Amino acid sequence: MIQYVVRFCVGIGLLLLTWLPGQCFAQTVRTDSTEAQVVVPDSAVAAVLASADSLPLPLPELPAFKPDPTKAVLYSAIFPGLGQIYNRKYWKLPLVYGAFMGCAYAITWNNRNYQDYLEAYKGIMSEKPLENNSWIDFLPANANPDDYLNDANFKDQLKRSKDYYRRYRDLSVIITVGVYFITMIDAYVDAQLFDFDISPDLSLRVEPVMTQPTSYSSRTYGLNCSIKF
C-alpha cells in the first residue's frame, strides 16, 4: 500500500513540474473565436534579444574597382579628362587641361595675328589703299604712308606674315586634335592596364650559352643576358 502512495506522489510532483513553468512564462490571449498563447521571455533572454537588435548590420563587401576600357574611352571622347576621372587618375587632369589651354591660346593668338595681317594685305592690295588703311599700323614710326604704297618688299612682308600665322594657326588646330586623341588613348590604356601587376623584383641574369654546330656554322660560345621584371 505504501508503495502505491509513493508512486502517486511522484506522479503528482512530475505533473506540477511540467505544468507550473508553462504557467509562469505564458499567458493566454483570447480573441473572438480562438485562443493564442504568447510566450513571454525572461529578462536574460530579453536582454540578449535587445542587444542583438542594437548591433549594426554588416555592410556588404563591395567588389574591387576595375574600370572598363570601353567606358573610359567613351567618357574621354565625350569630354576631355572625363576618362581620367573615371579611371581615378586625378593627377592627370592638370596635364590634360593645361595642354588644352595651351593649344587654345596658340590658336587664338595665331588667328588674331593672321586676321590683322590679312586685313592689312587686303587693304594695301585694294584699289583704294588709303581708305582701307589697316596696313598703316604696320609701318615704322613717323613713316609716310605714300612711300609704301608701291613698296613691293613691304607688300611681300605682309603676305609672308599672313601666311606664317595662318600656317601656325592650322598647326595649332592639328595639335589640339592630336591632344584630344591622346587623352582618349591614355584613358583606354590606363583602364586596360589598371590591375597590371608590376613586380618590384628587377634582376639581370647572365649565363654562358653554347650553340651546337650545324652544317652551315661551327660551334659558338657566348653569354645570354635576361632581365626579370
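Everything in this summary refers to the structure shown in the same document. (Residues numbered from 1 in each chain as written. Predicted model: local features only at pLDDT ≥ 70, side-chain atom pairs only at ≥ 80, totals over all residues. Heavy atoms only, no water.)

1. Quick notes on the packing of helix 5 (residues 93-125) against helix 6 (residues 152-192)
Where helix 5 contacts helix 6, the two axes come as close as 8 Å, and the packing angle between them is 155 degrees. By the angle between their directions, the pair helix 5 and helix 6 is classed as roughly antiparallel. Two packed elements cross with a definite hand, and for helix 5 against helix 6 that hand is left-handed. Of the residues assigned to the contact of helix 5 with helix 6, the class counts are 22 nonpolar, 8 polar and 5 charged. (Axes fitted to C-alpha atoms, helices over the stretch in contact; angles between N-to-C directions. Helix = DSSP H or I, 4+ residues; strand = E, 2+ residues; numbered from the N terminus. Parallel < 35°, antiparallel > 145°, perpendicular 65-115°, else oblique. Left-handed = near helix turned anticlockwise from the far one by under 90°. Nonpolar A, V, L, I, M, F, W, Y, C, P; charged D, E, K, R; others polar.)

2. Observations concerning unusual backbone geometry
Although it is not a glycine, Arg 88 sits at a positive phi angle of roughly 65 degrees. Within the element layout of this structure, Arg 88 appears in the loop between helix 4 (82-86) and helix 5.

3. What about the packing of aromatic side chains?
Under the definition given, this model contains 10 aromatic pairs. With centroids separated by 5.2 Å and ring planes inclined at 80 degrees, the aromatic side chains of Tyr 75 and Tyr 86 adopt a geometry described as edge-to-face. Of this pair, Tyr 75 sits in helix 3 (residues 69-78) while Tyr 86 is found in helix 4, placing the two residues 11 residues apart along the sequence. Given a relative accessible area of 30%, Tyr 75 falls into the partly exposed group. Between Tyr 117 and Phe 138, the ring centres sit 4.4 Å apart and the planes meet at 35 degrees, which makes this aromatic pair tilted. Of this pair, Tyr 117 sits in helix 5 while Phe 138 sits in the loop between helix 5 and helix 6, and the two are 21 residues apart along the sequence. Here the aromatic residues Trp 109, Tyr 117, Phe 138, Tyr 164, Tyr 165 and Tyr 168 are joined through ring pairs into a cluster of three or more. The ring centre of Tyr 121 lies 5.6 Å from the NZ or CZ of Lys 162, which sits over that ring. (Phe/Tyr/Trp six-rings, centres within 6.5 Å; stacked < 30°, edge-to-face > 60°. Buried < 20%, exposed > 50% of the residue type's maximum accessible area, 1.4 Å probe, protein only. Lys NZ or Arg CZ within 6 Å of the ring centre and 35° of its normal.)

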